[in-house]
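# Descriptive structure summary
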Amino acid sequence: MRTYKFEAFTAVFEKNIREGIFKPGHKLPSVRELKEQYYISISTIQNGYDYLIISGLVESVPKSGYYVSNKPRVSNPQKKINHQPVIRDAVFKHHLELTTSLRAGRKLSEFNVAAPGDLLIPQKLLLRTMQEVIREQGAGLLRYYPSNGSTELKNNIVNRAAIYQTIINPDELLITDGALQALYIALSATCHTGDVIAVESPCVFSVLEVIRVLQLKVIEIPVDLHTGFDIDFFRKACQNNTVKAVIVTPNFHNPTGLLLSNEQKRKLLSVAHQYNVAVIENDIYGDLNFHGQRPSTIKSFDDSGLVLTYSSYAKTLAPGIRLGWLAAGRFMQRAEQIKFALGSTVSPLYQETVNRLLTGSRYDRHVRAFRMQLAKNAYFTFNLLSNSFPEKTSFLTPAGGYNIWAKMPDDTDMAQFYNQCDKIGVRFTPGYTFSFSGAFDKYFRVVFADQFSPKRIEALKLAGKHF
């Protein structure tokens, strides 16, 4: 700890004042007397007296000198702080650790985080665009933006959606702080505590946690590994229950990577119309098709306003770009109020950066290259897993997105499998995190949205060869 020369005398004065040896009003030695006694400079002595004055122990009387304050500040000994134990949800904490990055110096080979790896993020494009925006708009980025988002940005999102036949009214569009906030708003706008909703199963952990926080009741709709979301099961659920909303990811479902056909999307919407069920459509992976045209959305077939579609740029640009959107349909009035209550303005810098990328061709050029890289990674990962894991292990070939859904043989000790993975230094997302029921204990998800180093390749090989 740093010491000061003036402490040679101030420490003595403090002790005497606090112990009552120097009484209030007691005159203290002059600057000249202290200089001769302690052999220190006048400026040092002056700094020392300033310190004592600031401390409330000494007063300066013009043309008279320094005196012990009539109201000396006597500090009470600090009471030890005893922190109360913080109650945590052990299951939530465990699942959160399994689905988020723990990288410290990149010691682990992580295949459990659904986000683009550092080398696949368009760093130069994003930083250059941000610099342009900051240089041109300056302090304007520090002000509040419109509560529902930049008008120009919303128009760009509307125009891009029209390319894949999804008609969005700008007046139903909210710019949100990522996709998860959009989902929270959509569920809050369509449901109340205790309402029944339907959700695809398996379903990503983050969606399940939003449902849990909102205290909604859930019917899990199976996702068939060949045909996708089981619409007949959904219809029966609606016949026997008052279902307020259904959450579905029709384009490159997480974790299976499945794509619903247009016919399936229409059938699902038809059931929703029949039973007046709000369809909350997650289109976060819609731009990441491996083949053919960009798929349509369920909203593209809806003219009733019953479909709420949401997405974000965290999966296509970078996870740190906290910008998403929600087309709220007929639920806009309630959704707008909820959005305002959660925070009226999404980062102006992110809004203007994404807007600039969408205005020109830069975003489309990046996405073309990115999804080509993802397709290569998917093919490479699939073959690597097939050649390294036991013969009876099954893997689902994704049509787009980030994930391969894998199932170990029925006789596999999964606890032993994950323990072995920890020893190797490789992390997958366990299947039991994708359901409230824990129905997928033999499954795990592999994310391939990062470049393959020799270390990552070897980690996947080792994970499979131990079983």
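Residues numbered from 1 in each chain as written. Predicted model: local features only at pLDDT ≥ 70, side-chain atom pairs only at ≥ 80, totals over all residues. Heavy atoms only, no water.

This part takes up the sheet that holds strand β4 (residues 173-176). One open sheet accounts for eight strands, arranged β4-β11-β10-β9-β8-β5-β6-β7; its pairing is mixed. At either end of the open sheet lies a strand with only one pairing partner, and these are β4 and β7 (228-229). (Pairing = 2+ DSSP bridges. Helix = DSSP H or I, 4+ residues; strand = E, 2+ residues; numbered from the N terminus.)

With that out of the way, let us pick up the pattern of salt bridges. Evaluated as defined, the whole model comprises 15 salt bridges. For E172, the salt bridge is made with K299, and the minimal N-O distance between the two is 3.1 Å. Of the two residues, E172 is situated in the loop between α6 (151-163) and β4 and K299 in the loop between β9 (278-282) and β10 (307-312); the sequence distance between them amounts to 127 residues. Overall, the relative accessible area of 10% leaves E172 in the buried class. (Salt bridge = Lys/Arg side-chain N within 4 Å of Asp/Glu carboxyl O. Buried < 20%, exposed > 50% of the residue type's maximum accessible area, 1.4 Å probe, protein only.)

Take the pairing of β4 next. Residues of β4 alternate between two faces, with L173 and I175 on one and L174 and T176 on the opposite face, all of them buried. Note that β4 and strand β11 (residues 324-327) share four bridges and pair antiparallel. Its bridge partner lying in β11, T176 is registered against G324.

Here we take up the packing of helix α7 (residues 179-190) against helix α8 (residues 205-213). At their nearest, the axes of α7 and α8 sit 10 Å apart, and the two run at 40° to each other. Taken as a pair, α7 and α8 cross one another with a handedness that is right-handed. Residues L180, L183, Y184 and L187 of α7 pack against S206, V207, V210, I211 and V213 of α8. (Axes fitted to C-alpha atoms, helices over the stretch in contact; angles between N-to-C directions. Left-handed = near helix turned anticlockwise from the far one by under 90°. Contact = heavy atoms within 4.5 Å.)

So, on to the nonpolar core. Judged by nonpolar contacts, the single largest core of 88 residues is most densely connected at L187, F234 and F428. Top element by residues in this core is α7. It accounts for seven residues. (Core = buried A, V, L, I, M, F, W, Y, C linked by side-chain atoms within 4.5 Å.)

Right, let's get into the packing of aromatic side chains. Taken as a whole, this structure holds 27 aromatic pairs when the rule is applied. Centroid distance F13 to Y49: 6.3 Å. Interplanar angle 40°. Geometry classified as tilted. Of this pair, F13 sits in helix α1 (residues 7-18) while Y49 sits in helix α3 (residues 42-54), and the two are 36 residues apart along the sequence. Ring centres 4.8 Å apart and planes at 40° place the aromatic pair F428 and F444 in the tilted group. Residue F428 is located in the loop between β14 (426-427) and β15 (429-430), and its partner F444 is located in strand β16 (residues 443-447); the two are separated by 16 residues in the primary sequence. For the pair F428 and F444, a shared accessibility class is recorded, and that class is buried. An aromatic cluster is defined as three or more aromatic residues linked by ring pairs; in this entry it consists of F111, F380, F382, F389, F395, F417, Y418, F428, F444 and F452. When the ring centre of Y443 is taken as origin, the NZ or CZ atom of K407, which lies over that ring, is 5.9 Å away. (Phe/Tyr/Trp six-rings, centres within 6.5 Å; stacked < 30°, edge-to-face > 60°. Lys NZ or Arg CZ within 6 Å of the ring centre and 35° of its normal.)

This next bit is on the sheet that holds strand β13 (residues 403-407). As summarised here, the arrangement of the four strands in space is β12-β13-β16-β15, forming an open sheet in which the pairing is antiparallel. Strands with a single pairing partner mark the edges of an open sheet, and in this sheet they are β12 (394-396) and β15. Looking at chain direction, β13 and β16 are connected through five bridges and run antiparallel. Residue I404 lies in a different strand from β16, and its bridge partner there is V446.

Let us now look at α7. Spanning twelve residues, α7 covers 17 Å between terminal C-alpha atoms, matching the ideal 16 Å at 1.5 Å per step. Counted residue by residue, α7 has ten buried out of twelve residues, so it is predominantly covered. (Expected span 1.5 Å × (residues − 1).)

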